[in-house]
Amino acid sequence: MVRLTRVESQARTRELLIATARQLFLRDGYHATSLEKVAEAAGFSKGAVYSNFGTKDELCQTVIDAVRAEQVHAIMEAFRGDGSDEDRLAVFDAWAERTIGDPGWTLLEAEFAIHATRRDPALRDKVAGGGRAWVGALRMVLEEEARRRDLTLPLPAGELADTLLSLGIGLGLRRAVDPSLSPHALTDLIRLLLDLDLDLDPAPRPPAPR
């Protein structure tokens, strides 16, 4: 059996703590999850948690950053993938159906943002920075698509990205409360922005492929 070095062991401990914290934060929310619960569920002492993360806020921010990075990657992959415009929009539509309004992630983001805004200006700035990173990724997608089509966007890409993010956040919160709501309006708005044909037939569309 290969013996881990001290550095490898520390890195493995950190990975396990983040994975465990992710499960608990997404399942139970920010306030209901304590560092003691994370340590117990991961099979470590509370001291092991504090040796890797100074506070619960730091651990929760790490989890949220990891989830955001995965979702940004998924969006970028959808628009940079192979196939026709409709094929790639179908991939994005499937992501929206699966992700926008996901109770775990949506409610954790909202709970943590409220906590940060009320408690700690520095933490609030970090949360705001995460939003700006989302806008940057969406702006890049819009600019790439506009160049590919030799298309002039109706507004600066940054403003459109900010609008799309705000729509997505609002829709996500509403879908977390009312899962019957459809996220397809977000896909249709992107279709309009990119000057693609929009089917205005009111008949229900089939579920997007997953």
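Residues numbered from 1 in each chain as written. Predicted model: local features only at pLDDT ≥ 70, side-chain atom pairs only at ≥ 80, totals over all residues. Heavy atoms only, no water.

Attention now goes to the overall build of the protein. Scanning the protein for helices and strands turns up nine helices and zero strands. Secondary structure elements in the protein, listed N-terminal to C-terminal, are α-α-α-α-α-α-α-α-α. Looking at the protein residue by residue over its 210 residues, the buried ones come to 40%. Of all intrachain contacts in the protein linking residues separated by at least 6 positions in sequence, the fraction that spans at least 24 positions is 65%. Carbon and sulfur atoms make up 56% of the accessible area of the protein, which amounts to about 12300 Å² in all. If the 27 positive side-chain charges of the protein are averaged to one point and the 33 negative ones to another, these points end up 8 Å apart. (Helix = DSSP H or I, 4+ residues; strand = E, 2+ residues; numbered from the N terminus. Buried < 20%, exposed > 50% of the residue type's maximum accessible area, 1.4 Å probe, protein only. Contact = heavy atoms within 4.5 Å. Areas by Shrake-Rupley, 256 points an atom, 1.4 Å probe, with all protein chains shown as cover. Lys, Arg positive; Asp, Glu negative; His and termini not counted. Charge placed at Lys NZ, Arg CZ, Asp CG, Glu CD.)

Let us look at the UniProt feature "domain: HTH tetR-type" (unreviewed entry) in the protein. Using the residue numbers shown here, the UniProt feature "domain: HTH tetR-type" (unreviewed entry) corresponds to residues 11–71. Across residues 11–71, the secondary structure splits into 80% helix and 0% strand, with the terminal C-alpha atoms separated by 24 Å. (UniProt positions renumbered as here; feature names shortened; annotations may be inferred.)

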